[in-house]
Amino acid sequence: MHALVEALVGIGLGVVLLLLGTLAFDTLHVLLHRWQTSRWPLLRRFAGLHAVHHAFLDRDLKIHEGLVRANVFCHVI
C-alpha cells in the first residue's frame, strides 16, 4: 500500500510540474510577442531573438533551411 501511495504522489507531483511548466512557457511566449513593441530596447531585443524562431518555422509550419543556424543560436541564448 505504501508503494501505491508513493506512486500516486509522484504522479500527482508530475502533473503539477507539467502544468506549471506549461503555464510558465506560455506566459513567456505571450510576453515575447508583446515585447516586440515595448518602449524598452532590451525587451524588444529579447522579442527579436524569438522572432527568428517564427521566421524559421512559419505559420504554415514550413521550415526555412536558411535560418537553421540563426534559430539554434537565438534559442540557445
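Predicted model, so just to flag it, every value in this text is computed and none were measured. (Residues numbered from 1 in each chain as written. Predicted model: local features only at pLDDT ≥ 70, side-chain atom pairs only at ≥ 80, totals over all residues. Heavy atoms only, no water.)

### Some remarks on the overall build of the protein chain
A tally of helices and strands in the protein chain yields 3 helices and 0 strands. Traced from its N-terminal end to its C-terminal end, the protein chain shows the element sequence α-α-α. In terms of overall dimensions, the protein chain is more spread out than a globule: its C-alpha atoms have a radius of gyration of 18 Å, far above the 11 Å expected for 77 residues. The dimensions of the protein chain, computed from C-alpha atoms along their principal axes, are 55 × 30 × 20 Å. Within the span of the protein chain, comprising 77 residues, buried residues form 10% of the whole. A separation threshold of at least 6 residues defines the contact pool for the protein chain, and within that pool the share at least 24 residues apart is 9%. Total accessible area on the protein chain is roughly 6,500 Å²; 71% of this is exposed by carbon and sulfur atoms. Across the protein chain, the 7 positively charged side chains and the 5 negatively charged ones have centroids separated by 17 Å. (Helix = DSSP H or I, 4+ residues; strand = E, 2+ residues; numbered from the N terminus. Rg over C-alpha atoms; globule rule 2.2 N^0.38 Å. Buried < 20%, exposed > 50% of the residue type's maximum accessible area, 1.4 Å probe, protein only. Contact = heavy atoms within 4.5 Å. Areas by Shrake-Rupley, 256 points an atom, 1.4 Å probe, with all protein chains shown as cover. Lys, Arg positive; Asp, Glu negative; His and termini not counted. Charge placed at Lys NZ, Arg CZ, Asp CG, Glu CD.)

### Section: helix H2 (residues 41–56)
With 16 residues, H2 should cover 22 Å at 1.5 Å per step; its first-to-last C-alpha distance of 23 Å lies within 8% of that length. Listed as buried for H2 are Ala47, Leu49, His50 and Phe56. (Expected span 1.5 Å × (residues − 1).)

### Some points on the environment of His2
Locating His2 in the fold gives a position in helix H1 (residues 2–34). Side-chain polar atoms of His2 contact the side chain of Glu6, separated by 2.7 Å. (Polar contact = N/O pair within 3.5 Å; in protein donor to acceptor, adjacent residues only side chain to side chain.)

### Section: the side chain of His50
Here His50 shows up in helix H2. Residue class for His50 comes out buried when judged on its relative accessible area of 9%. Side chain to side chain, His50 and His29 meet in a polar contact 3.1 Å long. Here His50 is in contact with His29, Leu32 and His33, once residues within four sequence places are set aside.

### With respect to the packing of H1 against H2
Look at H1 against H2: their axes get within 8 Å of each other, and the N-to-C directions meet at 105°. If you check the angle between H1 and H2, you find them roughly perpendicular. Seen from H1, the contacting residues are His29, Leu32 and His33; seen from H2, they are Phe46, Ala47, His50 and His54. (Axes fitted to C-alpha atoms, helices over the stretch in contact; angles between N-to-C directions. Parallel < 35°, antiparallel > 145°, perpendicular 65-115°, else oblique.)

### Overview of the side chain of Asn71
On the secondary structure map, Asn71 appears in helix H3 (residues 68–76). Excluding its chain neighbours within four sequence positions, the residues that come into contact with Asn71 are Val52, His53 and Phe56.

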